[in-house]
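As a plain string of letters, each chain reads:
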Amino acid sequence: MTVSDPKHDVPEGARYKEQITTDPSKPAQRMRAGSMTMTLAPWLIAILVLVFLPAVFTNNSALTIMNQMSITIVFALAYNMLLGQGGMLSFGHAVYAGVGGFACMHIMNMSDFFESIPLVILPIFGGLFGMGLAMIVGSFSTRSAGTVFAMISLGVGELIAACSVIIVAFFGGEEGISGDRTYAQPFFGVEFLQQIEVYYLTIAWLVISAVLMYLWSRTPVGRMANAVRDNPERAEFLGYSSRWVRYYSFIASGFFCGIAGGLFAINYEILTEENLNTTSSGVILLVTFLGGVGFFFGPIIGAIAFTLLQTVLSLSTELWAFYAGVLFVATVMFFPGGLAGLIMMHVPAFKLGKSSGLVMPYLKTLLPGAIGVLGLAALVEMTFHFRHAATGDDEMTLFWTTFNSHDVLPWVIAIAITVIGLGIAKVTAPSLKEAWNEANTAGGAS
Amino acid sequence: MQGFGQGLAFKKIASKRRAVLGRIKMKNITKLGAVSALSLVLGASAAFAENIKIAFIDPLSGPFASTGTNGLHQFEFAADYMVNAKGGLLGGDQMEIVAFDNKISPKESLIQLQVAIDQGIRYIAQGNSSGVANALTEAVDKHNKRNPDSRVLFLNYAAVDPALTNEKCNFWHFRFDANADIKMDALTDVIAQDEGIKKVYLIGQDYSFGKAVAAAANKMLGEKRPDIEIVGDELHPIGKVKDFTPYARKIVSSGADAVITGNWGADMLGLGKSVIENGFTGPIYTYYAAGSGITGAFGESGKGRIRLISQGGINPIATDEARATYEAFEAKYPEGNIDQSRIFNVIGMLAEAITEAGTATDVVAVASKLEGMEYDSMWGGKIFMRPQDHQAIQDMHVGVHTNEGLDFDYDNSGFGVLTESTVEMASMDSPTTCEMKRP
Amino acid sequence: MDLILVNLIDGLVTGLLLFMLSAGLTLIFSMMGVLNFAHASFYMLGAYFAYQISLALGFWMGLLIAPIVVGVLGAGVERYGLRRVHQYGHVPELIFTFGLALLIEEMVQFIWGKNQMAYSVPEVLNFTAFAISGNSIPAYKIFMIFISVAIFIGLLYILTKTRVGMIIQAALSYPRTVEALGHNVPLIFMGVFGVGTALAGLAGVIAGPVLGTFPGMAFVLGSIVFVTIVIGGLGSLWGALVASLLIGWITTFAKSYNIEMEDVLNAIGISTPENLSDSVFRDFWSLTSPQIADILPYILMVLILIFRPAGLFGKRQS
């Protein structure tokens, strides 16, 4: 995502320096990146990539996973309308997506009505129901921000999740509600029998929602949400009711969550209790944060990374959740701006035209570092195999090599790789830091 | 940022895609790199096409991981021991179990199902949670309808919601465990013979399966022993109860002579322990109070108290073949149990059907051979796959939790389940509402 | 009538157990503003450590050592993890504890496997203390009550009568002023975090044998601890105690008596619709109190937050 704003292009070294650190405890600074106007280019590139991706990945599972990513992206963007832009921490946001999805499922099962509408407009109904629920809950939960809001959202989330097994008429109990998307009115002859058709439907909605949410963040209400997040008192002095601003953000977020729920209904043709429960609510918080709450495109990266982690890494190792946990803790500790913050850190260097100076130091540090980390992962896998594999089942395959986990040699190799990799990274780190400082210093005089 | 998720695969493909990557901006690199890694992982096993692969889609992480992992071990062992060690099928094809972690989530299961189908897998095995089974059976039905050239079979080895072989039945779904109604039928046969039982307390988890158990118990006890009074019929939230003491108090003060519960996992252990601890002295009839650490955790306190309805009794062991199998399993998995012996029936019956059909790829032919199959199980008795609803009919055993007279214990605890009574070919003629549509 | 007494005792046990968890959390929360999602994970660690120690040295050594180990671990987490994240703000801190909870659960599975552990009540306490009309009260429960009450009195004494307690109380309200007076506030934070997690660990040690020791035990406990401290009012030890007991008794009584929604609605003058089984609200009408027992605390919390955001005993809002 290219960010360029002629107004900010004046060389102000000190200012850029502030931005490099992306300090999230100072949200005002953080949001600056988002407040720069964006050119159309990144959008067009993203759309082109989305349209032509199926040409590269033709199998259905890749499409299914990409659909899942798209849904998570819409959901995470909607969540970030609250967390990143409005500074409201919600612990029960899955319910808005879930309720929207359940509503869509019920519409799918109303055969007469469903046959009269094309499937492509179904997510709108999800959005409306998500918005409706947000209007009800928001009416009392947005009165204050901070802990009170967070705790009310937790309570309401738990309540509705608990209702999912109690109110069987609407939520269908533990087995959920299922339907068949193909009964809708054909849309220009397309019946959505195949994954590829659903993929294009999903990305169409992904693009529409992302554009709308981006535009929302440019509207006065969207801007006021930032203001209220940073300093509600001051916003009040300006004559805005911070409560109403929060309420509007909440409703808009509910709408797009509902859209995500509707897309889920179309993709999976089933909604269950898991769409509502606190685990889903927690996951979306993690996804958004992993991507970075300070930037509009942060949740997109987070959603992609997390979906891959959950779906693809779990095919390779039982310990995927362990790695996910390590990743989250590491992200929070070292890159609180999230993955997006990590990327945006490089913008000043790019602007100063010094980014090329970073390539070699990066290679020197990160490559050995990555190898070291992989070595560490190998050690973890080997320990796990050693402890938990069946007796006599000593063979294990790791990184396309098969070996005996009870031999000494593989351990020696793995430890050596880890120590050497991390060792080199440690040794070269100071020079990377130097190069980094150099690359971010305008003309050497900041 | 590539380091964790896709770094493993990234290195290999990086060279191939470098030319493309060079021109695309940062964010898109993430996306492209990610998806390339994806295609690599997904397509990874296409090379071993000659294996007959069964996708095992069950929780391997999270709170239900222990049941899932134990099931996987039994599947892997059964395939190796019963098929591969004997030369494979169809002139040497090996059977391979491919594990997919569904995290007990219906959504994840559907994604993994798609991945499995794309890898050319034609057999899906799943068992934990009727909710997941419901989602899978519908997805399989839709998939087979929409994609006639990559049809798959769904081998359900443990999800016992009666609906799956009644109103929700389809041609692709086969259930190898007895459903909740059949189990209750057998259980109530045994309870009906016990004249000492006058009052029964029903308690279960608040979801489809728990409700099915309660409904069946009410109906069947009413038919078989109208004099038995049902003093309590209770559902509690599933997986959320921390302390079962209040429920135990109600059971004790209701004066019940026996408790019937369909609870499983931590809910079973919590309920059982609490009921025993708080002064209940009668028998507790259960569906799932064995293995996966539960037997070990009950230990002495459950002795002679906990009764279990299941297929395929382990004590006394039925055949020498079964004994040899169990011993081989224990040698391989010293901490494991064969607590789902039907898994061996799944493999055995599938192998027989594939051999008879002469193909493993035409699942319609295999399914037609599975329907109506009569199979001699090494765990004793016959198994009949009823063609009208694809429900396996088999002997049901009611066993007691004890440490005496055992051939094999569970959880290395010295305790196990000893068969007390057997109902042969339970519910052979039970009605079904299934209207099987054959392709 | 007898059952009421029995339920009072049971609710007391549940409530006091909850108190041991919430006491530490409420101090941590109000002092550092951290919603420590990993608090229940320390409870789990307590149970697992105690199990491991009890295999070698017996239950009593487990009771003694495990909470100390957990407390040291907790202090380490504060020193090397949270303190680093603290500078970034509250949300990152929360995500940190979130990730930590995930990580601890995975670690526990890695080390001990996924099965239930056979951690059981020590032989000395494995008898029925007394019975009230057929309902036996195990001696272990009496022991649990005894331990929790001792902890409460100890905490109350330290917080109100000792110098350390005074500093902690001051740091709760005016951390900067306390720092300006020359006290080492980071050290206090670390100490409070360590003691708080040690208390959670202790709760795990004594709850493990009765509630089960398994990798999901932290998850089952879930967010109820937050609910407790929010209801009680942040930073208030008395609030935590009252809220814990309230929750313990409410859930116990709701589970023990089958109050049906139909009866309640009829009693307040709403009559049952005639064709109930077709009604959209049929599930609502057939609700029973045990079904909703575990979500009652959440309803209570939402209501309290709407009408009294500071909680029952709280002095400030957040």
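Along each chain, the written sequence defines residue order, and numbers are assigned to residues from 1. Naming scheme: in the order in which they are written, chains are lettered from A and ligands are numbered from 1. Note on the predicted model: pLDDT of at least 70 is required for a residue's local features to be given, and 80 or more for side-chain atom pairs to be given and counted; whole-chain, interface and lining totals, by contrast, use all residues. Side-chain measures were taken over the full set of non-hydrogen atoms in the model, leaving aside hydrogen atoms and water.

A. Main features of the overall build of chain B. On a plain count of helices and strands, chain B comes out with 13 helices and 15 strands. Whether a residue is buried, partly exposed or exposed follows from its accessible area with a 1.4 Å probe, protein chains only, as a fraction of its type maximum: under 20%, in between, or over 50%, in that order. Per-residue burial over chain B gives 66% buried out of 439 residues. The contact definition used throughout considers only heavy atoms, calling two residues in contact when any of these lie within 4.5 Å. Expressed as a percentage of contacts within chain B between residues at least 6 apart in sequence, the contacts between residues at least 24 apart total 72%. Each accessible area is a Shrake-Rupley estimate made with a 1.4 Å probe; only the visible protein chains count as cover when residues are assessed. With the model as given, the accessible surface of chain B reaches about 14,300 Å², and the carbon-plus-sulfur share is 51%. By the criteria applied, helices consist of DSSP H or I runs no shorter than four residues and strands consist of E runs no shorter than two, each listed in order from the N terminus.

B. Quick peek at the interface of chain C and chain B. Taken together, the contacts link 31 residues of chain C with 31 residues of chain B. As a working definition, buried area equals the accessible area (1.4 Å probe) given up by two parts on being put together, with both sides summed. Summing the contributions of chain C and of chain B, the shared interface buries around 2,700 Å²; its carbon and sulfur component is 49%. By the criterion of area lost to chain B, the three top residues of chain C are C:Lys114, C:Gln116 and C:Lys255, representing 19% of everything that side buries. Salt bridges are counted wherever a side-chain nitrogen of Lys or Arg sits within 4 Å of a carboxyl oxygen of Asp or Glu. Between C:Asp10 and B:Arg249 there is a salt bridge whose closest N-O contact spans 2.5 Å. Going through the elements one at a time, helix H1 (2-32), strand S2 (135-138), helix H8 (185-211), helix H9 (217-221), helix H11 (237-256) and helix H14 (289-292) of chain C are the ones with two or more residues in the side of chain C that touches chain B. Here the side of chain C that touches chain B takes five residues from H1(C), the largest share from any one element. Grouping the constituent residues of the side of chain C that touches chain B by class yields 14 nonpolar, twelve polar and five charged. Residues are grouped as follows: nonpolar covers Ala, Val, Leu, Ile, Met, Phe, Trp, Tyr, Cys and Pro; charged covers Asp, Glu, Lys and Arg; every other residue, Gly included, is treated as polar.

C. Here's a closer look at the confidence of the model for chain B. All names here are of chain B. Of all residues in chain B, 89% attain a pLDDT of 70 or more, and the chain-wide mean is 82. For the stretch residues 1-36, pLDDT sits under 50, and the model shows 52 contacts to residues farther than four places along the chain or on other chains. You can read pLDDT as the predictor saying how much it trusts each residue, on a scale of 0 to 100. Confidence drops under pLDDT 50 across residues 43-49; counting only partners more than four residues distant or on other chains, this segment forms three contacts.

D. Here's a closer look at the environment of A:Thr279. Residues and elements named next belong to chain A. The residue Thr279 is located in helix H15 (residues 278-291) in this model. Judged by its relative accessible area of 39%, Thr279 is partly exposed. In this structure the C-alpha to C-alpha distance between Thr279 and Ala94, which are 185 residues apart in sequence, comes to 8.6 Å.

E. Highlighting helix H8 (residues 245-253) of chain B. Residue and element names in this part refer to chain B. For H8, a buried count of eight out of nine residues is recorded, marking the element as mostly surrounded by other parts of the structure. Those residues of H8 not exposed but buried are Thr245, Pro246, Tyr247, Ala248, Arg249, Lys250, Ile251 and Val252. Two residues or fewer past H8, Gly255 is found with a positive phi of approximately 75°.

F. Inspection of the pattern of salt bridges at higher detail. As enumerated under the stated definition, the model contains 23 salt bridges over all chains in all. A salt bridge links B:Lys224 to B:Asp185; its shortest N-O distance comes to 2.4 Å. Here the residue B:Lys224 occupies a position in helix H7 (residues 208-224), and B:Asp185 occupies one in helix H6 (residues 180-193), the gap between them amounting to 39 residues. For B:Lys224, a relative accessible area of 26% translates into the label partly exposed. Through salt bridges with shared partners, a single network forms among A:Asp180, A:Arg181, A:Glu269, B:Lys142 and B:Arg146.

G. Here's a closer look at unusual backbone geometry. Residue and element names in this part refer to chain B. In this structure, the amide linkage connecting Asn315 to the following residue, Pro316, adopts the cis form with an omega of -10°. Here Pro316 lies in the loop between strand S10 (306-311) and helix H11 (320-332). We note that Asp411 has phi near 55°; this positive angle belongs to a residue other than glycine. With respect to the helices, strands and loops of the structure, Asp411 is situated in the loop between strand S14 (396-402) and strand S15 (416-423). On the basis of relative accessibility, which here comes to 18%, the residue Asp411 falls in the buried class. Its identity is not glycine, yet Ser427 carries a phi of approximately 55°, on the positive side.

H. Region of interest: the environment of B:Gln391. All names here are of chain B. Take Gln391: it is sitting in strand S13 (residues 391-393). Sequence spacing of Gln391 and Thr359 is 32 residues, and the spatial spacing of their C-alpha atoms is 23 Å. With residues near it in sequence (within four places) discarded, Gln391 still touches Thr165, Arg175, Asp177, Ala178, Asn179, Ile182, Phe384, Met385 and Arg386.

I. Inspection of the packing of aromatic side chains at higher detail. Paired rings are identified among Phe, Tyr and Trp, the last through its six-membered ring, by centres lying within 6.5 Å, and are further divided according to the angle between planes into stacked (under 30 degrees), edge-to-face (over 60) and tilted (the rest). Going through the model one piece at a time under the given rule, you end up with 50 aromatic pairs over all chains. Here the aromatic rings of A:Phe255 and A:Phe256 are separated by 5.3 Å at their centres, their planes lie at 85°, and the arrangement is edge-to-face. Accessibility assignment for this pair places A:Phe255 and A:Phe256 in one class, buried. A ring pair is formed by C:Phe152 and C:Trp238, whose centres lie 5.2 Å apart and whose planes are at 80°; its orientation type is edge-to-face. Of this pair, C:Phe152 sits in helix H5 (residues 139-161) while C:Trp238 is found in helix H11, placing the two residues 86 residues apart along the sequence. Taking the relative accessible area as the measure of exposure, C:Phe152 reaches 10% and is therefore buried. For C:Trp238, a relative accessible area of 45% corresponds to the partly exposed category. Three or more aromatic residues link up through ring pairs in this structure, and these residues are B:Phe77, B:Tyr81, B:Phe329, B:Tyr333, B:Phe344 and B:Trp379.

J. Expanded view of the pairing of S14(B). Residue and element names in this part refer to chain B. Taken across its seven residues, S14 has seven buried, putting it largely inside the fold. A pair of strands is treated as paired once DSSP finds two or more bridges between them. Relative to S14, S10 runs antiparallel, the two being bridged by five bridges. The residue bridging Arg307 from the neighbouring strand is Val400, located in S14. Where S14 lies against S15, seven bridges are found, and the strand directions are antiparallel.

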